[in-house]
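Next come the chains, spelled out residue by residue.
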Amino acid sequence: MGEQIRLGVVGVGDFGMRHALVASALPEIRVIAVADADFERAKTAAARVGGAACREMDEMLSRHDVDAVVVATPQPCHLTDVASAVAAGVHVMVEKPVVGA
């Protein structure tokens, strides 16, 4: 097997947590960090899947070396989160359609 994909998950509510759990069970993926505006929820998710807990996407991108992120935040946050990830040069999977402001 090659190197593991270093994954970040932003928004660890119901759907984001599902993505984080599935990803953490795959040998080819390592969950590096999770982020959520509810920092207690981020810490709980990080304890379950490994990696660090962050409060937001920008903190995750600046402090952790991720190859890709799953954006599972509420729709009004999608455009900002996706733009941040693209600007950082990481791959992005959006849980729901991207919406404009």
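See the structure printed just above.
A brief report on the enclosed structure follows.

Definitions and limits used
- Residues numbered from 1 in each chain as written.
- Predicted model: local features only at pLDDT ≥ 70, side-chain atom pairs only at ≥ 80, totals over all residues.
- Heavy atoms only, no water.
- Core = buried A, V, L, I, M, F, W, Y, C linked by side-chain atoms within 4.5 Å.
- Buried < 20%, exposed > 50% of the residue type's maximum accessible area, 1.4 Å probe, protein only.
- Helix = DSSP H or I, 4+ residues; strand = E, 2+ residues; numbered from the N terminus.
- Contact = heavy atoms within 4.5 Å.
- Pairing = 2+ DSSP bridges.
- Axes fitted to C-alpha atoms, helices over the stretch in contact; angles between N-to-C directions.
- Salt bridge = Lys/Arg side-chain N within 4 Å of Asp/Glu carboxyl O.

1. A short note on the nonpolar core
For soluble globular proteins, the rule of thumb is that nonpolar side chains tend to be buried together.
Next up, step 1: Core analysis: the biggest nonpolar cluster contains 16 residues, and L7, V9, V34 and V49 have the highest contact counts within it.
Next up, step 2: Looking at this core, the elements with two or more residues in it are β1 (5-10), α1 (14-25), β2 (29-35), α2 (39-49) and β4 (68-71).
Next up, step 3: Non-local contacts of V9, meaning those with residues more than four positions away in its chain, are made with G16, A20, A33, V34, A35, M60 and V70.
Next up, step 4: By size, the runner-up hydrophobic cluster in this structure holds 14 residues, among which are A33, V66, V82 and V90.

2. What to know about the sheet that holds strand β5 (residues 91-94)
Next up, step 1: What the 5 strands build is an open sheet, ordered β3-β2-β1-β4-β5; its pairing is parallel. In the strand order of this sheet, the two ends are held by β3 (52-54) and β5, each with one partner. Direction aside, neighbouring strands of the sheet carry axes that sit 25° apart on average.
Next up, step 2: Bridge count for β2 against β3 is 3 bridges, and the pairing is parallel. Bridging from a neighbouring strand, V34 pairs with A53 of β3.
Next up, step 3: Strands in contact with α2 are β2 and β3; relative to β3, the strand with the most contacts, it is inclined by about 160°.
Next up, step 4: Helix α4 (residues 75-88) contacts β1, β4 and β5 of the sheet and is inclined by roughly 160° relative to β5.

3. Focus: the environment of V70
Next up, step 1: Note on placement: V70 falls in strand β4.
Next up, step 2: V70 gets classed as buried once you look at its relative accessible area, which sits at 8%.
Next up, step 3: Between the C-alpha atom of V70 and that of A85, which follows or precedes it by 15 residues, the distance is 9.7 Å.
Next up, step 4: Other than its neighbours up to four places away in sequence, V70 contacts L7, G8, V9, V10, H19 and M93.

4. Observations regarding the pattern of salt bridges
Opposite charge on two side chains makes pairing possible when the charged atoms of those side chains draw close.
Next up, step 1: This model, assessed by the stated rule, comprises 6 salt bridges.
Next up, step 2: R6 is the partner of D65 in a salt bridge, and the nearest nitrogen-oxygen pair spans 3.4 Å. Of this pair, D65 sits in the loop between α3 (57-63) and β4 while R6 sits in strand β1, and the two are 59 residues apart along the sequence.
Next up, step 3: The class of D65 is exposed, set by a relative accessible area of 52%.
Next up, step 4: The partly exposed category is assigned to R6, whose relative accessible area is 24%.
Next up, step 5: A salt bridge links E40 to K43, with the shortest nitrogen-to-oxygen separation between them at 2.9 Å. Of the two residues, E40 and K43 are both situated in helix α2; the distance of 3 residues between them amounts to about one turn of the helix.
Next up, step 6: Judged by its relative accessible area of 51%, E40 is exposed.
Next up, step 7: Put simply, R6, D65 and D67 are held in one network by salt bridges that share partners.

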